[in-house]
Amino acid sequence: MPAAAPASDWIVLKFGGTSVSRRHRWDTIGRLLRERTEGDIPEQPPARVLVVVSALSGVTNELQAIIDQHADAVDVSARIEALIERHRGACAEMEVDAEGVLGERFAALRALAGDRRGVSADLSWQAEVLAQGELMSSTLGVAYLRTQGLAVDWLDARDWLEARALPNQNEWARRLSASCAYIGDDELRMRFDRNARLLITQGFIARHPDGGTAILGRGGSDTSAAYFGALLHARRVEIWTDVPGMFTANPRAVPDARLLSRLDYEEAQEIATTGAKVLHPRCIHPCREARVPIWIRDTERPDLAGTVIDHRAVTVPGVKAISSRRGIVLVSMETIGMWQQVGFLADVFERFKRHGLSVDLIGSSEANVTVSLDPSDNLVSSNVLDALCADLAEVCRVKVIAPCSAVTLVGRGMRSLLHKLTDVWSEFGRERVHLVSQSSNDLNLTFVVDEALADGLLPRLHEKLIQSGAMPVDATEVFGPSWRQIEASASPRRVSWWQRERSQLLGMAAQGTPRYVYHLPTVRERARSLAAISAVNCRFYALKANPHPAILAVLDSEGFGFECVSAAELEHLFAVLPTLDPTRVLFTPSFAPRAEYAAAIARDVWVTLDSVYPLQHWPELFAGRQIVLRIDPGYGLGHHEKVRTGGREAKFGLAPESLPEFIAAARATRAKITVLHAHVGSGILDASHWPQVYAQLVELADRIGTVAAIDVGGGLGVPYTPDAEAFDIAAFGRELANAKAAWPQYALWIEPGRYLVAEAGVLLTHVTQLSDKLGLRRIGLDAGMNALLRPALYGAWHEIVNLSHLDEADGTPADIVRPICETGDMLGRRRALPASTAENDVVLIATAGAYGQVMANRYNLRALPQEEVLDD
Ligand code: ADP
Ligand code: ASP
Ligand code: MG
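Being a predicted model, the structure only gives us computed values, none of them experimental.

Asker: Would you take a moment to explain the site of ligand 1 for this structure?
Answerer: Surveying the vicinity of ligand 1 reveals 16 residues, the closest of which are Thr241, Asp242, Phe247, Arg252 and Lys277. With respect to ligand 1, the side chain of aspartate 242 contributes an N or O atom lying 2.8 Å from an oxygen atom. Considering ligand 1 on its own, with 570 Å² of exposed area, one finds that the protein chains cover 88% of that surface. The residue inventory of the shell around ligand 1, partitioned by class, reads seven nonpolar, five polar and four charged.

Below, the structure written as structure tokens:
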């Protein structure tokens, strides 16, 4: 890499389509320009600023439509008038005189409609049409900022950016997907410096070698900014857009995508090339060569730090991003007859070159070569493809597979990550993958699938990458907050009960930790939110989540029944609530011994069977009784594979295929199937899940004939992370009401556990020790995996806060570790707690009311945590 030339005092700012479409955003632009030119940014001397703008959003699409419709003069002129109207509207909003400012540009646009070159859609005409968007927006911007008191000049980008013809580039690419020279010399810079200190120019356009206009390809304004940045040795290039940076996936498709705060040029290049539209793929190279840092910022949220790309970014191995590109065309070429024929590859690739097509991915076997064509690099029209196939047919059998999407994982050291990608493979395993390709620079792994499949795949793959550790999101030097979190921080944060009860909790912690505290008003509130759902006839609390007597008493008084999964839970329940009506109790064990069924029957509670074995082997227990049958609807859902309880691999439930055998066994013992039940997992947020289960069970219930009630299970999700969506209880109610309205003949039962108690509980701990090993900070707590098992068992995430220093600023991220002698005894990786965190501080672990104390054990012979309740 060349040595960095000293930076000039120019900063290049590029504003995309949405950033220049509204007046308040131009006001932000004005503010940013003032800050930079007047040196208002701390430690940054005043700069000279070149602003590169895109066309107003949607305008380039409209100009392209004019080109596509060139043969229809009426349509073309209607579109041109609509575009002019659009710009008049923008002028009105910005209170500038439309005719005075843009009159000449409107005339140029109308003249292009009558241009002779338009008849044949000549490439030079197309370029001029496309250029009008940026010419108009830049002119408008200058006029507006002048009204705001900024001394800004307009610059024609074509006077500075010269398109150059690349070898084998066809005419289309030379004109409409052009590249420019970007090595500037002192003479150029001196000439440029004669301009005003504040300039606005157009993105997307350059000078064609014939003196006309050339276009840099769709999204090419970023590249214009990069060319200027490199030519001027700018301090930096700032890309201002509608998202606060480059994310680990397109945040609009994957809301859990994380901000990438710091990237090096190579990774950014790879992410952009493989589909992250936020940066035009050709814009990184010029900045990298000239060592100009790139910032990506959000015009709507100018104060967020965004992404910084430079050569000093730390390198963290692992997957950084997942991107996808649509419209990919695969060309599969089979040799005719001869294996490993010498020169076969040369023969086929020569034909691609002949058509000016650049090949992206390549997969090969002895007799087949399959390549992909990316529409953003090529004009992949049907004419071009037909001509290519005709030529290829001379040397091979050709098949075109389209439309496809290329889904790419990007990150350093892909090869050494393969073992962490098993879940990712299995996600792809469900689909047909046409081609897998690993880049030789070890930076990416690409899967080509049918286009229709890719969109749904991305959020699932993203989640798997995080869960498997392949995407090391705990490395806070690279990974920032999620898109969801950023969006949520714009709205006021939920205040948890434990924030209000802080002083009481500190007092309780002083009595000794680890200590669970349960907030009964929260349990009541959740219970009432469920009780308000009128479609539900019976509610059972799955007490395995938390059998604390005070919680059972609250739920009893709120009208809940109870679900037990062992004879011991039954014993405990009746010990706490001796007068409880047994018909309000469900017994739903899994592979329990005979004696437990006998005990439940003796108590006269509802007994659930989920296989035919008990009926066949212990018929005497069930003779003449009403029973509940648990069905496996054939799939599992939930936050972790260990909590999904449906599908062949899960031990729970009777497969519907075995229903006839079960019915026969029930008849033989004169047992009556009165209730059908299903529960497929935990942590489900999609409210449409339960009515689906209801519909599925209704069908079976109709077949059975004796069923009176359908229990759709529990599994209602809980927000463990501060930014996670809360469970949409209103949607849950609506969905169940619809289901019930469709099949009112059955009583509807639900059996939530976690939902009622998770957020009502916290675990209080004390800090034991702090350490710093080889630069990695660790904070020790006195509550081990013996006290809270979920993180070790499920990789569960719990919010961890220093209750002693609740509102202090975060310090360096640390691993939160615990005293059990297991490497897995870690509560959270790279968590930011206040810098002042010290021995004996009280640390609170939130959302610990479900599956906390009840899973606690005495491993390492550590004592069980204490428990306490808080009530109004
Ligand atoms: P502009 O008009 O400002 O140039 P673009 O639409 O070209 O903006 O690029 C910004 C868009 O890029 C975002 O709105 C987002 O939907 C999309 N995008 C795709 N992948 C990513 C990613 N990995 N990170 C951020 N944004 C992405
Ligand atoms: N206006 C052009 C486009 O929409 C260039 C850009 O916005 O980057 O493709
Ligand atoms: Mg763009």
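Asker: Looking at this structure, I do not really get the nonpolar core. What am I missing?
Answerer: The nonpolar side chains of a soluble globular protein tend to be buried with one another. In terms of nonpolar packing, the biggest core is built from 135 residues, with Leu50 and Leu409 touching the most fellow members. If you tally residues by element for this core, the top one is helix 5 (residues 123–147), at 12 residues. Those residues within four positions of leucine 409 in sequence are excluded, and the remaining contacts are Val319, Ala321, Ile322, Met414, Leu421, Val424, Leu443, Asn444, Leu445, Phe447 and Leu465.

Asker: I'm lost on the sheet that holds strand 9 (residues 236–241) in this one. Help?
Answerer: Consider a sheet: its strands pair through backbone hydrogen bonds, and that pairing is either parallel or antiparallel. If you trace the eight strands from one edge of the open sheet to the other, you get 3-6-2-1-9-12-13-11, paired in mixed fashion. Since the sheet does not close on itself, it has two edges, and those belong to strand 3 (153–154) and strand 11 (262–263), each with one partner. Bridging between strand 1 (residues 10–15) and strand 9 involves five bridges; their strand directions are parallel. Note that in strand 9 the partner of lysine 14 across the bridge is isoleucine 239. Here helix 1 (residues 23–37) sits on the sheet and contacts strand 1, strand 2 (48–53), strand 6 (198–202), strand 9 and strand 12 (294–298); the angle it forms with strand 1, its principal contact strand, is near 170 degrees.

Asker: What is the right way to look at the site of ligand 2 in this model?
Answerer: In the vicinity of ligand 2, the contacting residues are Ser54, Ala55, Thr60, Glu134, Phe204, Arg218, Gly219, Gly220 and Ser221. A distance of 2.6 Å is found between a nitrogen atom of ligand 2 and a side-chain nitrogen or oxygen belonging to glutamate 134. Interatomic distance of 3.5 Å between a backbone N/O atom of glycine 220 and an oxygen atom of ligand 2. Coverage of ligand 2 by the protein chains reaches 86% of its 260 Å² of free accessible surface.

Asker: What should I look at first to understand the packing of aromatic side chains in this one?
Answerer: Summed over all chains, the structure comprises 21 aromatic pairs. Ring plane angle 50 degrees and centroid distance 5.0 Å describe the contact between phenylalanine 540 and tryptophan 749, whose orientation is recorded as tilted. Here phenylalanine 540, found in strand 22 (residues 538–542), pairs with tryptophan 749, found in strand 31 (residues 747–750); they are 209 residues apart in sequence, far enough to count as distant. There is no split in this pair, since phenylalanine 540 and tryptophan 749 are both buried. Measuring from ring centre to ring centre gives 5.5 Å for phenylalanine 727 and phenylalanine 732, while their planes differ by 65 degrees; the resulting arrangement is edge-to-face. Per residue, the accessibility class of phenylalanine 727 equals that of phenylalanine 732, and both read buried. Following the ring pairs from residue to residue traces out a cluster consisting of Phe587, Tyr597, Tyr613, Trp618 and Phe622. A cation over a ring is seen here: arginine 236 above tryptophan 295, with NZ or CZ 3.9 Å from the ring centre. Of note, arginine 831 hangs over the ring of tryptophan 797, and the distance from its end group to the ring centre comes to 3.9 Å.

Asker: What is the right way to look at unusual backbone geometry in this model?
Answerer: Leave glycine aside and you will find that most residues have negative phi; peptide bonds, for their part, are mostly trans. A cis geometry characterises the amide bond from alanine 402 onward to proline 403, with omega recorded as -5 degrees. For proline 403, the position within the fold is in strand 17 (residues 396–412). In the segment running from threonine 513 into proline 514, the intervening peptide bond is cis, with an omega of 0 degrees. You can see proline 514 is positioned in the loop between helix 17 (502–509) and strand 21 (515–519). You will see that histidine 233, though not glycine, has its phi angle at about 50 degrees, which is positive. Along the polypeptide, histidine 233 turns up in the loop between helix 8 (221–231) and strand 9. Despite not being glycine, tyrosine 851 shows a phi value in the positive range, around 55 degrees. Among the secondary structure elements, tyrosine 851 is positioned in the loop between strand 37 (842–845) and strand 38 (866–870). A relative accessible area of 12% means that tyrosine 851 is categorised as buried.

Asker: Looking at this model, I keep getting lost on the sheet that holds strand 24 (residues 585–587). Mind explaining?
Answerer: Around the barrel, eight strands lie side by side as 22-23-24-25-26-28-30-31; this closed barrel has parallel pairing. When strand polarity is set aside, the average angle formed by the axes of neighbouring strands in this sheet is 30 degrees.

Asker: I tried to follow the pairing of strand 9 on my own but got confused; where do I start?
Answerer: Looking along a regular strand, one sees side chains alternate from face to face of the sheet. Most of strand 9 is tucked away, with six of its six residues classed as buried. Here strand 9 shows two buried faces, one formed by Arg236, Glu238 and Trp240 and the other by Val237, Ile239 and Thr241. Both strand 9 and strand 12 contribute to a ladder of five bridges, which runs parallel. Its bridge partner lying in strand 12, threonine 241 is registered against aspartate 298.

The rules behind each value
Residues numbered from 1 in each chain as written. Chains lettered and ligands numbered in written order. Predicted model: local features only at pLDDT ≥ 70, side-chain atom pairs only at ≥ 80, totals over all residues. Heavy atoms only, no water. Near = heavy atom within 4 Å. Polar contact = N/O pair within 3.5 Å; in protein donor to acceptor, adjacent residues only side chain to side chain. Areas by Shrake-Rupley, 256 points an atom, 1.4 Å probe, with all protein chains shown as cover. Nonpolar A, V, L, I, M, F, W, Y, C, P; charged D, E, K, R; others polar. Core = buried A, V, L, I, M, F, W, Y, C linked by side-chain atoms within 4.5 Å. Buried < 20%, exposed > 50% of the residue type's maximum accessible area, 1.4 Å probe, protein only. Helix = DSSP H or I, 4+ residues; strand = E, 2+ residues; numbered from the N terminus. Contact = heavy atoms within 4.5 Å. Pairing = 2+ DSSP bridges. Axes fitted to C-alpha atoms, helices over the stretch in contact; angles between N-to-C directions. Phe/Tyr/Trp six-rings, centres within 6.5 Å; stacked < 30°, edge-to-face > 60°. Lys NZ or Arg CZ within 6 Å of the ring centre and 35° of its normal.

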